[in-house]
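Coordinates in review
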Amino acid sequence: MALTILPAALQGGVVLGTVTAPIYTAPTGKSATVKRAVFVNTGAAATLVTVTVTRGANPTLTIIQGRSIGAGAADLAPELSALVLNPNDVLAAFASTGAVVNCFVSGLTVA
């Protein structure tokens, strides 16, 4: 069986809130590999970003804990580079200040 590998905007753009929320869920029957994630703070003060992954029924794991992103700055989140998400895995995030951090995630999907 041949695999299909496609580049994808796993998250084309979302504004983080102050409660953990999914930013990407790998679809049933597909896995994904994160190539790049970018978090941009559009606010006037530094804010903290936390990113987690939940793999199936396993406990949620923190990948980035309270990363400070300065006002007007961006963070490329190197911890997420090459992260493999299996079918139904959930990548989630939140910020300490709501409605100021934009999140973009690009990668590859495999089916």
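Before reading on, note that the structure itself is shown above.
Residues numbered from 1 in each chain as written. Predicted model: local features only at pLDDT ≥ 70, side-chain atom pairs only at ≥ 80, totals over all residues. Heavy atoms only, no water.

**Here's the deal with the overall build of the protein chain**
A count of helices and strands for the protein chain gives 0 helices and 9 strands. Listed by position from the N terminus, the elements making up the protein chain come as β-β-β-β-β-β-β-β-β. For the protein chain, whose C-alpha radius of gyration is 14 Å, the value lies close to the compact-globule estimate of 13 Å for 111 residues. With the C-alpha coordinates aligned to their principal axes, the bounding extent of the protein chain is approximately 50 × 30 × 20 Å. When burial is assessed residue by residue, the protein chain has 35% of its 111 residues classed as buried. Carbon together with sulfur atoms contributes 61% to the accessible area of the protein chain, which is approximately 5,600 Å² in total. (Helix = DSSP H or I, 4+ residues; strand = E, 2+ residues; numbered from the N terminus. Rg over C-alpha atoms; globule rule 2.2 N^0.38 Å. Buried < 20%, exposed > 50% of the residue type's maximum accessible area, 1.4 Å probe, protein only. Areas by Shrake-Rupley, 256 points an atom, 1.4 Å probe, with all protein chains shown as cover.)

**Points about the pairing of strand β9 (residues 101-110)**
Strand direction decides the pairing type here: strand β1 (residues 5-15) and β9, joined by 8 bridges, are antiparallel. Paired with alanine 9 across the two strands is serine 106, which belongs to β9. Bridge count for strand β3 (residues 31-41) against β9 is 10 bridges, and the pairing is antiparallel. Note on β9: the bridge partner recorded for threonine 33 is leucine 108. (Pairing = 2+ DSSP bridges.)

**Thoughts on the nonpolar core**
Membership of the largest hydrophobic core comes to 25 residues, with the highest contact counts inside it found for Leu16, Phe39, Leu80 and Leu91. Where this core is concerned, the elements lending two or more residues are β2 (21-25), β3, β4 (47-54), β5 (61-69), β8 (90-95) and β9. The element contributing the most residues to this core is β3, with 4 residues. When residues no more than four places from it in sequence are discounted, the contact partners of leucine 91 are Ala21, Pro22, Ile23, Tyr24, Val34, Val51, Thr52, Val53, Ile63, Leu80, Leu83 and Leu85. (Core = buried A, V, L, I, M, F, W, Y, C linked by side-chain atoms within 4.5 Å. Contact = heavy atoms within 4.5 Å.)

**Regarding the environment of alanine 46**
On the secondary structure map, alanine 46 appears in the loop between β3 and β4. Alanine 46 gets classed as partly exposed once you look at its relative accessible area, which sits at 48%. Separated by 49 residues in the primary sequence, alanine 46 and alanine 95 place their C-alpha atoms 10 Å from one another. Setting aside its immediate chain neighbours within four residues, alanine 46 contacts Asn41, Ser68, Ile69, Gly70 and Ala71.

**Considering the sheet that holds β2**
Spatially, the 4 strands line up as an open sheet ordered β2-β8-β4-β5, and their pairing is antiparallel. Edge strands, defined here as strands with exactly one partner in the open sheet, are β2 and β5. Along the sheet, successive strands turn relative to each other by an average axial angle of 20°, direction set aside. (Axes fitted to C-alpha atoms, helices over the stretch in contact; angles between N-to-C directions.)

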